[in-house]
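Descriptive structure summary
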Amino acid sequence: MVSKTKASTKKPAVKSNKQSITVADISQRIEHHLQFTMGEQSSANQKPAYWRATSLALNDIIVEKLQSTKARQNQNEAKSVNYLSLEYLMGRLLSNNLHNLGLYTNTEKALQKMGFELADLCEEGADLALGNGGLGRLAACFLDSLATLDYNAMGYGVHYQHGLFKQSFVDGHQIETPDMWREFGSPWEVCRLESSQTIPLYGHVEEIAQADGTTASVWHAGKMLKGVPWDVPIVGYNSQTVNALRLWECRADSAFDWDLFNNGDYLNAHQQQVAAETVSKVLYPNDEHDAGKELRFVQQYFFCACSVQDIIARFENQYGLISESKNWPTFCEKVAIQLNDTHPTIAILELMRTLIDNHNIDWDNAWGICQKVFAYTNHTLLPEALEKWSVALFERVLPRHLTILYRINEAFLNNDVEALWPNNDDMRRRLSLIEEGHERKVRMAHLCVVTSHKVNGVAQIHSDLVKQDLFPEFDQLWPTKLTNVTNGITPRRWLKACNPLLAELLDKTIDGDWAKDLNSLSELAKFADDATFQKKFMAIKHQNKIALTKEIKTLTGVTVSPDAIFDVQIKRLHEYKRQHLNLLHIIALYRRLLANPELDMQPRVFIFGAKAAPGYELAKEIIYATNKIAEKINNDVRIQDKLKVVFLPNYRVSLAEKIIPAADVSEQISTAGKEASGTGNMKLALNGAVTIGTLDGANIEIAEEVGDDNIFIFGLTVDEVKALDAQGYNSAEYYENNAEIRACLDWLDTDYFTPGNPGELSAVKRCFLEGGDPYKVLADFQTYANAHQALDSAYKNQQQWAKMAILNTALMGKFNSDRSIEDYVQNIWNLTPSV
Ligand code: 26W
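Everything numeric in this text was worked out from a predicted model, so none of it was measured.

Time to look at the side chain of aspartate 567. Along the chain, the position of aspartate 567 falls in strand β20 (residues 565-570). With residues up to four places along the chain from it excluded, the contact list for aspartate 567 reads Arg604, Val605, Phe606, Ile607, Val665, Glu667 and His788.

What follows is the structure, given as structure tokens:
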């Protein structure tokens with residue numbers, strides 16, 4: 001028996017924030033909502049009704065705690081951080097909120113008495129998929145950590161009526177349909193009509209000469225929009241805090257034009273409302289690719305303007321008028337604003353405009369305030385993801401903001417740039433906030449860096465590349481401004497809630513609450529070689545794999561064996577993430593098995609989950625190819641089920657929560673220098689999956705934590721990729737010199753995987769050859785295949801593999817988003833917990 005360490009020295013329990021609400025209380029609350037809110041629907045499938053009643057019952061408790069939190073934070077005059085993000089990938093909330101309130105078990109008991117399984121009811125909830133991928137999910141994890149650490153924080157975003165599209169496959173092709181999370185309303189949101197905001201846009205600016213010789217700019221807006229806030233409570237884990245995520249819905253300033261209506265022009269009477277609603281209608285599904293659409297620009301301005309007005313209103317309610325100079329230092333002491341990438345950059349110009357035009361603060365003080373409150377996080381180096389909005393669009397939609405932008409740029413070039421690079425037009429051109437050219441554009445990232453007091457990347461290598469390659473001159477200008485905060489994940493959702501069997505084993509094995517002190521997981525390391533513990537740990541992995549085989553069968557009809565290696569690649573579909581490298585290796589494995597069905601390899605199931613941006617053709621080709629190749633392999637009896645490939649449709653947070661606990665292998669195979677950090681890598685390793693990956697993003701820091709014996713690293717390093725680009729990369733060489741690569745690629749030209757349609761998969765081959773293989777797939781193929789060979793033989797030794805799996809779980813403490821938040825608090829926000 002594995003003895004619990006140092007039982008006698010058990011630490012005194014912290015004052016439990018656990019809700020002492022009894023099973024009876026919970027039943028009564030659920031019954032109340034069934035009867036009075038739901039009106040007792042006696043429909044056949046009662047699950048949706050009991051899910052909603054349970055959620056509403058819980059939300060009552062939560063909203064109460066939200067109010068007490070607000071009162072305490074005001075009481076403590078705690079500095080607040082305002083997280084501005086166009087995306088929040090929240091997933092489902094019932095299970096998370098129950099775990100964080102410590103009410104999961106009691107609610108489970110209450111529902112069992114009513115004849116329902118809580119785990120089943122949790123399946124009824126729609127994901128709040130108000131994001132695309134990593135950036136949106138990171139925002140969600142950060143909100144969980146901020147509330148768990150009792151910090152005063154407010155998330156600001158857009159109340160999209162439709163989140164990220166629903167993905168389904170038709171004959172292997174990705175089909176998108178609208179997300180309907182709000183079809184029947186969400187039990188987790190509270191409409192805050194009283195905090196609605198009205199914001200101006202379009203129109204023109206009139207410069208009016210003032211008596212003191214200065215000119216005042218008066219913006220005559222062409223249109224007004226109304227922002228209606230919906231608050232989604234953010235429940236801290238075992239803490240005193242429930243913060244809010246405030247999402248702005250857009251409505252017309254006036255819902256109805258009576259004159260048009262009275263003249264029978266009913267459609268146009270409503271036109272204003274329709275136009276306004278489109279602003280918060282849908283999330284743009286582009287990940288890492290700036291589409292540059294006007295509506296996206298208006299979305300960004302809309303939520304930034306509503307949020308800035310709300311931040312000022314909250315401040316003035318507590319500390320007095322911002323127009324009074326005595327309150328300026330207080331504003332900087334009590335308010336921090338974090339820009340989650342460049343998408344909320346306009347908030348800078350909006351705060352400047354508001355302070356100067358609405359609160360009569362002079363330019364220099366307004367600018368001083370902005371520099372103290374704003375900070376910016378960069379999440380990508382991909383050139384196509386860096387936002388540049390045309391000056392013409394700015395002129396038309398936000399003419400006043402443009403005049404402010406010009407003045408910031410002038411001061412920056414004439415003071416900061418001139419100081420370091422006197423009379424250097426080239427440097428002025430390169431650093432200017434305006435990119436000259438046939439169409440003048442605004443470099444949003446430059447405005448963020450020039451304004452913010454701190455700029456951070458999201459993993460050490462990424463932050464180094466931001467300094468060296470993206471903003472080298474800015475690093476010279478302000479040597480202490482650029483910093484790093486390595487990403488993290490919340491262990492509440494990504495272990496305690498999604499892997500209850502492992503959570504229970506950890507509770508039994510580790511002292512204290514690992515879900516709040518993830519570094520305590522390192523206590524597991526001493527059991528890594530312990531046969532008994534290994535057996536328990538791997539039995540849990542096997543249990544989770546059995547559960548996933550059922551989900552796979554339901555979703556794809558494919559039968560897989562839980563004894564096979566579950567090899568997982570789950571993330572957005574993008575060339576730099578190299579799902580097509582994984583696919584090329586699968587084709588090679590299949591070919592080897594056809595050549596020798598007795599090939600000594602561990603049976604393997606390759607599991608894919610990935611959405612492609614609707615306009616990203618090659619990404620969709622890679623999905624189609626993977627599905628067609630999977631179909632062929634999964635039905636090829638000659639290979640004796642040694643290889644299975646499944647592409648699970650509609651990958652999202654709630655599906656990730658099912659896949660991750662069952663994963664043996666975590667595919668983190670991006671081209672070095674392209675994946676800023678990754679966070680899926682952390683979730684999979686924390687749940688005992690062993691990583692096969694490149695030295696990219698946070699993979700490097702994961703390898704540092706787990707040790708080179710417990711990870712499979714392959715491929716070119718960042719510097720080697722740069723050297724290859726410098727000397728000129730010729731992918732055809734690998735095609736000519738590597739017979740296996742050539743055979744596999746040539747196979748794609750045939751109709752082997754697409755009977756009767758030869759060449760249907762040739763687009764994938766072409767991207768490697770004619771397309772120049774920009775992400776060096778062919779260059780990394782052989783070392784990747786070799787790493788998989790090593791992985792296969794490691795898996796044969798179940799003791800060795802169990803040790804690796806346990807050490808990955810044990811040594812993930814660093815990647816707790818609580819640690820990331822504490823880094824932001826220490827280096828950027830300077831907050832104190834409000835308890
Ligand atoms: C303009 C369109 C657009 C939309 C989203 C461009 C860029 C984005 C995001 C920045 C893309 C994103 O999600 N980046 C991911 O952010 C994660 C959180 O920091 C990182 O872990 C991932 O490496 C990074 O790809």
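That shown, we press on.
Read across the open sheet, the 3 strands follow the order β15-β17-β16; overall the sheet is antiparallel. Lying at the two open borders of the sheet, with one neighbouring strand each, are β15 (388-390) and β16 (434-435). As paired strands, β15 and strand β17 (residues 441-443) are joined by 3 bridges and run antiparallel to one another. The partner of serine 390 across the bridge, within β17, is lysine 441. This element, helix α16 (residues 444-451), spans β15 and β17 of the sheet and lies at about 40 degrees to β17.

Overall, parallel pairing links the 6 strands, which are arranged β22-β21-β20-β23-β24-β25 in an open sheet. For this open sheet the edge positions go to β22 (643-647) and β25 (712-713), each flanked by a neighbour on one side alone. Against the sheet, helix α21 (residues 531-556) engages β20, β21 (604-609) and β22, with an angle of about 60 degrees to β20. The strands touched by helix α22 (residues 579-595) are β20, β21, β22 and β23 (665-668); relative to β21, the strand with the most contacts, the crossing angle is about 155 degrees.

Turning next to the environment of threonine 832. Take threonine 832: it is sitting in the segment after α33 (817-829). With 756 residues separating them along the chain, threonine 832 and asparagine 76 place their C-alpha atoms 9.8 Å apart. In this structure, threonine 832 is in contact with Ala78 and Tyr151, ignoring residues within four places of it in sequence.

Another point: the pairing of strand β18 (residues 454-457). By the alternation rule, side chains of β18 split into Lys454 and Asn456 and Val455 and Gly457, which are all buried. As paired elements, strand β14 (residues 374-377) and β18 share 3 bridges and run parallel to each other. Bridge assignment links alanine 375 to a residue of β18, and that residue is lysine 454. Alignment of β18 against strand β19 (residues 482-484), held across 3 bridges, turns out to be parallel. Each bridged residue has a counterpart across the sheet, and for valine 455 the counterpart in β19 is leucine 482.

Two measures describe an aromatic ring pair: the distance that separates the ring centres and the angle between the ring planes. One pass over the structure, following the stated rule, counts 27 aromatic pairs. When the ring centre of tyrosine 752 is taken as reference, the NZ or CZ atom of lysine 632 above it lies at 4.7 Å. Across from the ring centre of tryptophan 494, 4.5 Å away, lies the NZ or CZ of lysine 683, which sits over that ring.

So, on to the side chain of glutamate 249. Along the chain, glutamate 249 turns up in strand β12 (residues 242-252). In terms of polar contacts, glutamate 249 uses its side chain to reach the side chain of tryptophan 230, at 2.8 Å. Those residues in contact with glutamate 249, other than ones at most four positions away along the chain, are His159, Lys226, Gly227, Val228, Trp230, Ser280 and Phe302.

For helix α26 (residues 699-706), the complete set of buried residues consists of Asn699, Glu701, Ile702, Ala703 and Val706. Looking at the buried residues of α26, the elements they touch are α17 (460-470), β23, α25 (680-686), β24 (690-693) and α32 (798-810). At the C-terminal side of α26, glycine 707 shows a positive phi close to 90 degrees.

Taken together, 21 residues surround the ligand, and among them Glu288, His379, Asn487, Glu675 and Gly678 come closest. Contact between the ligand and glutamate 288: an oxygen atom at 2.6 Å from a side-chain N or O atom of the residue. A distance of 3.3 Å separates an oxygen atom of the ligand from a polar backbone atom of alanine 676. When the free accessible area of the ligand is taken as 570 Å², the share hidden by the protein chains comes to 98%. Here the element with the most residues in the shell around the ligand is helix α6 (residues 134-148); it accounts for 3 residues. A class-by-class count of the residues in the shell around the ligand yields 6 nonpolar, 8 polar and 7 charged. Here the shell around the ligand spans two domains, since at least three of its residues come from each of domain 2 (77-92 + 127-487 + 822-829) and domain 3 (551-809).

As enumerated under the stated definition, the model contains 44 salt bridges in all. Taking the shortest distance from any N to any O, the salt bridge between glutamate 350 and arginine 353 comes out at 2.9 Å. Of this pair, glutamate 350 and arginine 353 both sit in helix α11 (residues 346-358), separated by 3 residues, roughly a single helical turn. The shortest N-O distance in the salt bridge between aspartate 818 and arginine 492 comes to 2.7 Å. Here arginine 492 lies in helix α19 (residues 491-497) and aspartate 818 lies in helix α33, a separation of 326 residues in the sequence. We note that aspartate 818, like arginine 492, is buried. Put simply, Arg92, Glu123, Asp127, Arg652 and Lys658 are held in one network by salt bridges that share partners.

Turning next to the confidence of the model for the chain. In the predicted model, the chain carries a mean pLDDT of 95, and the fraction of residues at 70 or more is 97%. This model gives residues 1-15 a pLDDT under 50, and the stretch forms 15 contacts once residues within four places in sequence are excluded.

Moving on, we get to the packing of α6 against α33. The interhelical angle for the contact between α6 and α33, taken along N-to-C directions, is 75 degrees, at an axis separation of 9 Å. In terms of axis orientation, α6 runs roughly perpendicular to α33. Of the residues in α33, those in contact with Cys141, Phe142, Ser145, Leu146 and Thr148 of α6 are Ser817, Asp818, Ser820, Ile821, Tyr824 and Trp829. Its residues assigned to classes, the contact of α6 with α33 shows 6 nonpolar, 4 polar and 1 charged.

With 20 residues, helix α31 (residues 777-796) should cover 28 Å at 1.5 Å per step; its first-to-last C-alpha distance of 28 Å lies within 8% of that length. Along α31, the largest kink reaches about 25 degrees and is centred on threonine 783.

What follows is about the pairing of strand β11 (residues 223-235). With 10 of 13 residues buried, β11 is to be regarded as a mostly interior element. Sheet analysis places strand β7 (residues 190-191) next to β11, joined by 2 bridges and oriented antiparallel. Looking at β11, one finds that cysteine 191 is bridged to tryptophan 230. When β11 meets β12, the two strands line up antiparallel, connected through 11 bridges. If you follow valine 228 over to β12, its bridge partner there is glutamate 249. Following β11, the chain reverses through 6 residues before pairing antiparallel with β12; asparagine 238 in that reversal takes a positive phi of roughly 50 degrees.

By size, the foremost hydrophobic cluster in this structure holds 281 residues, and its most contacted members are Phe394, Ile607, Trp801 and Trp829. Ranked by the residues each element gives to this core, the list is headed by helix α9 (residues 294-319), at 13 residues. The contact partners of tryptophan 801, leaving out residues within four places of it in the chain, are Met538, Asp664, Val665, Val690, Phe712, Leu791, Ala794 and Tyr795.

Once that is clear, we can look at unusual backbone geometry. Although it is not a glycine, glutamate 77 sits at a positive phi angle of roughly 50 degrees. Here glutamate 77 lies in the loop between α2 (47-76) and β1 (80-84). With relative accessibility at 38%, the residue glutamate 77 sits in the partly exposed group. Positive phi, close to 50 degrees, is recorded for asparagine 423, a residue that is not glycine. Relative to the elements of secondary structure, asparagine 423 occurs in the loop between α14 (399-420) and α15 (425-431). On the basis of relative accessible area, asparagine 423 is assigned to the exposed category, the value being 68%.

Rules used in this analysis
Sequence order sets the numbering: in each chain, residues are counted from 1 along the sequence as written. Where local features are concerned, this predicted model is filtered to residues with pLDDT of at least 70; where side-chain atom pairs are given and counted, the filter is 80 or more; whole-chain, interface and lining totals use all residues. Only heavy atoms go into the side-chain values, all of them from the structure, while hydrogens and water stay out. Here a strand is any run of E in DSSP of at least two residues, a helix any run of H or I of at least four, and the numbering for each starts at the N terminus. By definition, residues are in contact when any of their heavy atoms lie within 4.5 Å. Strands are treated as partners if at least two bridges between them are detected by DSSP. Lines fitted to the C-alpha atoms define the axes, with helices restricted to the stretch that makes contact. Angles between their N-to-C directions range from 0 to 180 degrees. Note on exposure labels: buried denotes an accessible area under 20% of the residue type's maximum, exposed denotes more than 50%, and partly exposed covers the range between, all computed with a 1.4 Å probe on protein chains only. Ring geometry is summarised as follows: Phe, Tyr and Trp rings, the Trp one being its six-membered ring, pair when their centres sit within 6.5 Å, and such pairs are stacked at plane angles under 30 degrees, edge-to-face over 60 and tilted between the two. Each ring is checked for a lysine NZ or an arginine CZ that lies within 6 Å of its centre and within 35 degrees of its normal; such an atom marks a charge sitting over the ring. In protein, a polar contact means a hydrogen-donor-capable atom and an acceptor-capable atom, both N or O and within 3.5 Å, with residues adjacent in sequence counting only if both atoms are side-chain atoms; elsewhere, any N or O pair within 3.5 Å suffices. It suffices for a single heavy atom of a residue to lie within 4 Å of a molecule or strand for the residue to be listed as near it. We get accessible surface area from the Shrake-Rupley algorithm with a probe of 1.4 Å; when it comes to residues, only the shown protein chains can shield them. Note on residue classes: Ala, Val, Leu, Ile, Met, Phe, Trp, Tyr, Cys and Pro are nonpolar, Asp, Glu, Lys and Arg are charged, and everything else, Gly too, is polar. Domain delimitation follows an automatic or database domain assignment. Here, a salt bridge means any Lys or Arg side-chain nitrogen found within 4 Å of an Asp or Glu carboxyl oxygen. For every residue, the predictor states its confidence as a pLDDT score lying anywhere from 0 to 100. Orientation labels follow simple angle bins: below 35 degrees gives roughly parallel, above 145 gives roughly antiparallel, 65 to 115 gives roughly perpendicular, and whatever is left gives oblique. Given the number of residues in a helix, its expected span is that number minus one, multiplied by 1.5 Å. The reported bend at a residue is simply the angle between two axes, fitted to the 7 residues ending at it and to the 7 residues beginning with it. What makes a nonpolar core is a set of buried Ala, Val, Leu, Ile, Met, Phe, Trp, Tyr and Cys residues whose side-chain atoms join them at distances within 4.5 Å.

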